[in-house]
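Coordinates in review
Below are the chains, spelled out letter by letter.
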Amino acid sequence: MAGKFGPPAMIGDFDRSQTHKQRLYDAWHETIDSYMTAVNRYRAATPAFFNPLAPPAGQIAQASPEWSGMPNMLVAMNDGDVLAAARLAETPIRWGDQDPGHPKGIAYSMARDATTRQRLDLFYRPQDEYLEWSLEKDAAGIITAINFTCEGPEYWETIGNTDRALLETLYGEISGDKDIPAADLYFSKPVEMVDGGGNVSRTFAANDYNPWNKWNLKYAIHLTHDSNSLGAEVNLGRDASYLWGKDVLKTSDPDLICCAAYGEINRNSDPTIGAKVNALVRAGNSVSLRNPVGLYIKGLDTTAFSLDGNPVANIASWFVPIRPKPADVKDMILRARFAVPDGVMHGGKKLRVGDITVDGTAIATGGQVARYITMTLYGLAVAGAPHQQPKVCQLSPCPNKGHPDYIDGVDYGTPCPDTGAAAAALVKNLHATSKAGLGSGLQEAGLAAPTVRVARRTGTIVIP
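Residues numbered from 1 in each chain as written. Predicted model: local features only at pLDDT ≥ 70, side-chain atom pairs only at ≥ 80, totals over all residues. Heavy atoms only, no water.

Side note on the sheet that holds strand β8 (residues 191-194)
- Read from one edge of the open sheet, three strands run β4-β8-β9, paired in antiparallel fashion. At either margin of the open sheet sits one strand with a lone partner, and together these are β4 (110-113) and β9 (200-204). In this sheet, neighbouring strand axes are inclined to one another by 25° on average, regardless of whether the strands run parallel or antiparallel.
- As paired strands, β4 and β8 are joined by four bridges and run antiparallel to one another. Its bridge partner being in β8, Asp113 is matched across the sheet by Val191. (Pairing = 2+ DSSP bridges. Helix = DSSP H or I, 4+ residues; strand = E, 2+ residues; numbered from the N terminus. Axes fitted to C-alpha atoms, helices over the stretch in contact; angles between N-to-C directions.)

See below:
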């Protein structure tokens, strides 16, 4: 195996470490390599998914599925009302509370003090398309800037648990806030994440980096939603590399993603990524993710933006890559800022983002802009994948009775129910503890259950 996994976008943060540069590079490589190898070694065999550091022989092609950054689950739950969905996306959700992108009746993961078992007030953003954002407003409450990020939490945990000085420097630089108390970035006590079934799914020690700290919530330093992780990205690619449909091969959504249950059916991202990967596999390719593994902002389509009913001059230049710096961006943007440049006036006043309209409505939420941001990741394909038998389907799609744009999943082959209760059962299954899913994969592969870090849709957890 040649080479190592580099940081997302090959960003140079690690090089700035005064004492832990090599340790950071090694730790990051080990994290991504464990995702690549664990999902192959400890789950069912994945004949068409390879580690990009050890590709099969042959010509390597690249694929880059694209999707919108606005949470489609919120849009579906609001019957196509984009503005209502965008408003809901602005309010952080306490871990364990009802998520507005899901039907009621789901028991969610929550955070608690590992010693007292008291529930903790940790929050995430209900922005689940691998893109999250924060707003800047003036004294009148009008948006002046929107900061977008697609940086995975694992990257920031690597820095935070290895080099505190670097973490604190980066927080200050990205946020522009030099007064962030360092202690706020770390857990002051041991913390447990407890799934909807009451099982401890992950633990943090006192002084570990806290990915849901209030400054990340305020400035959107990195992703916070449980579905927005690099582990989820790798796991999705791996699961989409099977053939699905033992009775009838599934080739299009929603049947394909329901059959495979490899992601959230109602998102923009998961069905798009999965369909692209699966199409490559059906064409006889082995697949993987390009090194450096990451989720990336590709650009902003400004054709729906206007000012007083007219196109906005040079508006494309208002969307500026921040990480990496513009001069270093080729096709991988981790962070971008949408703001009116200094000196741009309108009606004798400085123009603001909130003065602009999208689809004829003034910008009052970040989601209105996120809807026109294109997200992507970079996959690899090599011809000559080994033969595999299609796997048995898990679910069939049904329209939710309360929200017909929202897709429920029912046990494969069963008729659609008269109520929307199936959606709650589906989400509970997708967000359940990993132990059951891992065990079934191991049994199929003929392996004994180990204690191992496993990349799940919801990040990396420890399987006891």
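Next comes the rest of the description.
Concerning the packing of aromatic side chains
- Under the defined criterion, the tally for this structure stands at 19 aromatic pairs.
- Relative to Trp212, the ring of Trp95 has its centre 5.3 Å away and its plane inclined at 70°; by these criteria the two rings are edge-to-face. In this pair, Trp95 is assigned in the loop between β3 (93-94) and β4 and Trp212 in the loop between β9 and α6 (214-219), connecting sequence segments 117 residues apart.
- On the basis of relative accessibility, which here comes to 6%, the residue Trp95 falls in the buried class.
- Considering the side-chain rings of Phe187 and Phe204, the 4.9 Å spacing of their centres and the 45° angle between planes classify their relative orientation as tilted. Highlighted residues: Phe187 in the loop between α5 (164-175) and β8 and Phe204 in strand β9, separated in sequence by 17 residues.
- You can call Phe187 buried: its relative accessible area is 4%.
- In this structure an aromatic cluster arises from ring pairing among Phe14, Tyr25, Trp28, Tyr155, Trp156, Tyr171 and Tyr209.
- Over the face of the ring belonging to Tyr186 we find Arg164, whose NZ or CZ atom lies 3.7 Å from the ring centre.
- Between Arg267 and the ring centre of Tyr130, over which it is positioned, the NZ or CZ distance is 4.7 Å. (Phe/Tyr/Trp six-rings, centres within 6.5 Å; stacked < 30°, edge-to-face > 60°. Buried < 20%, exposed > 50% of the residue type's maximum accessible area, 1.4 Å probe, protein only. Lys NZ or Arg CZ within 6 Å of the ring centre and 35° of its normal.)

Considerations on the state of the cysteines
- Across all of its chains, the model carries two disulfides by this definition.
- Note that Cys259 is cross-linked by a disulfide to Cys393, the S-S spacing being 2.0 Å. Sign of the S-S torsion, about -90° for the bond between Cys259 and Cys393, identifies this disulfide as left-handed. Of this pair, Cys259 sits in helix α8 (residues 255-260) while Cys393 sits in the loop between β20 (379-383) and β21 (395-399); the two residues are 134 residues apart in sequence, bridging distant segments of the chain. (Disulfide = S-S within 2.5 Å.)

The values reported here are purely geometric and, on their own, carry no functional implication.
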